[in-house]
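Architecture and fold: a report
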Amino acid sequence: MAAGKSVLYFNFISQPSRALLLFVRYNQLPVDERQVLLHKNQQHTPEFLAINPLGKVPALQDDDGFCLPESCAILRYLAAKYHVPDHWYPGDARLRARVDAAMDWHHMTIRRGCTAQVWNRILAPMSNQPSSNVQARDGEGILKKALQDLEDFWLGSTPYVGGEHISLGDLLILTELETLRLLAGAAEGPTMEQQLADFGKVRAWLARVRAELEPHYSSVHATLDKAVQNAVRRKQQQQGGQAKL
Ligand SMILES: N[C@@H](CCC(=O)N[C@@H](CS)C(=O)NCC(=O)O)C(=O)O
């Protein structure tokens, strides 16, 4: 397999992009990072569509022109290309299958539950796009069930979702859950802390994985931190404005 340099196209708010950034930075992979500004629609420019015709981040381009969309495929590809430590994506068929299962599971459960809330309660109102309270509430239900399964099954008897060691599955689920922090700026609905209150193993796992990924956890999440602060400030201003009416 070609061992040349790659370029990762990403956005700091995008959950799957952050999973890839953590993986690349933690493993010090020779990958250049190029941010795609989604609020400026850079994902729809002809230049970017030539790299990922799906118009989404993350996307990868190797120096020989090979392009790849989809975070899970990119994570697996980079793990193979750069021979990262085995625990990220184990060679053993059963250990690997468990990591694959966690990666597959997260899409329609954790990701679906988080995205429905964050899009409809924060991102859509912020960008003047239509939002749905019904969809946000459905997201709460989906996430509650997903968190219960994370607590009881994925973290039921092991410290990480794939088993005894940190893996690609932990990165995807962690970065998805982190986005819930934006809900601190939502006009209604439960915050991240409220939604995690009943899930002690999930909270302990979050703290463990964040600490293990430092200093990259903080550098990758600095933009999200700022977005959370801005969302909270906007909410306070709106509430202040309403109080004056
Ligand atoms: N299944 C894809 C999801 C990619 C995705 O939905 N990316 C979002 C950001 S999280 C995006 O690029 N949205 C921009 C758009 O749809 O215009 C993956 O895991 O890579």
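As a starting point, this report considers the structure included with it. Position numbers for residues start from 1 in each chain and track the written sequence from start to end. At least 70 in pLDDT is required for a residue's local features to be given in this predicted model, at least 80 for side-chain atom pairs to be given and counted, and no such filter applies to totals for whole chains, interfaces and linings, which use all residues.

**Description of the packing of helix α1 (residues 15–26) against helix α3 (residues 71–81)**
Spelled out, the test is: Comment: axis = line fitted to C-alpha atoms, over the contacting stretch for helices; angle = value between 0 and 180 degrees taken between N-to-C directions. Secondary structure elements are defined from DSSP: runs of H or I of at least 4 residues count as helices, runs of E of at least 2 residues count as strands, and each element is numbered from the N terminus. Note on angle classes: values under 35 degrees are labelled roughly parallel, values over 145 roughly antiparallel, values of 65 to 115 roughly perpendicular, and the remainder oblique. Residue pairs qualify as contacts under a 7 Å threshold applied to their C-beta atoms, which are placed from the backbone. In this classification, the charged set is Asp, Glu, Lys and Arg, the nonpolar set is Ala, Val, Leu, Ile, Met, Phe, Trp, Tyr, Cys and Pro, and all remaining amino acids, among them Gly, are polar.
Look at α1 against α3: their axes get within 10 Å of each other, and the N-to-C directions meet at 10°. With respect to each other, α1 and α3 are oriented roughly parallel. Packed against α1, whose contacting residues are Pro16, Ala19, Leu20 and Phe23, the element α3 presents Ser71, Ile74, Leu75 and Leu78 at the interface. Of the residues in the contact of α1 with α3, the class split is 7 nonpolar, 1 polar and no charged.

**Thoughts on the packing of helix α4 (residues 93–126) against helix α5 (residues 133–154)**
In plain terms, the rule: A crossing counts as left-handed when the near helix is turned anticlockwise from the far one by less than a right angle, and as right-handed when that turn is clockwise.
Viewed as axis vectors pointing N to C, α4 and α5 meet at an angle of 145°, and their least axial separation amounts to 7 Å. Where α4 crosses over α5, the handedness of that crossing is left-handed. Note on element contacts: α5 touches α4 through Asn133, Gln135, Ala136, Asp138, Gly139, Glu140, Ile142, Leu143, Ala146, Asp149 and Trp154, opposite Ala102, Thr109, Ile110, Arg112, Gly113, Cys114, Ala116, Gln117, Asn120 and Arg121. Looking at the contact of α4 with α5 residue by residue, the class counts come to 9 nonpolar, 7 polar and 5 charged.

**A closer look at the site of the ligand**
Let me state the cut-off plainly: Being near a molecule or strand means, for a residue, that its backbone-placed C-beta atom lies within 6 Å of it.
If you check the shell around the ligand, you find Ser14, Gln15, Pro16, Leu38, Gln43, Gly55, Lys56, Val57, Pro58, Glu70 and Ser71 and nothing else. Tallied by class, residues from the shell around the ligand come to 4 nonpolar, 5 polar and 2 charged.

**Some thoughts on helix α6 (residues 168–178)**
The periodicity of an α-helix, 3.6 residues per turn, causes residues three or four positions apart to be oriented the same way. This is how it is decided: Residues with at least 20 other C-beta atoms within 10 Å of their own are called buried, those with 12 or fewer are called exposed, and the rest are partly exposed. The C-beta atoms themselves are positioned from the backbone.
Across the 11 residues that make up α6, a large majority, 11, are buried. Within the sequence span of α6, burial applies to Leu168, Gly169, Asp170, Leu171, Leu172, Ile173, Leu174, Thr175, Glu176, Leu177 and Glu178.

**A look at the pairing of strand β2 (residues 31–35)**
Let me state the cut-off plainly: Two strands qualify as a pair provided DSSP detects at least 2 bridges between them. By definition, the crossover connecting two strands over a helix is right-handed if that path, from the first strand to the second, turns clockwise as seen with the strands pointing away from the viewer.
With 5 bridges connecting them, strand β1 (residues 6–10) and β2 associate as parallel partners. Residue valine 7 lies in a different strand from β2, and its bridge partner there is aspartate 32. Each parallel crossover has a hand, and the one from β1 via α1 to β2 is right-handed.

**Details of unusual backbone geometry**
The omega torsion of the bond from valine 57 to proline 58 falls at 0°, within 30 degrees of zero and hence cis. Tracing the sequence through the fold places proline 58 in the loop between α2 (46–51) and β3 (59–62). A cis geometry characterises the amide bond from glutamate 214 onward to proline 215, with omega recorded as 5°. Assignment of secondary structure puts proline 215 in the loop between α8 (200–213) and α9 (216–244). Look at histidine 83: it is not a glycine, yet its phi comes out positive at around 50°. Turning to its location among the elements, histidine 83 is positioned in the loop between α3 and α4.

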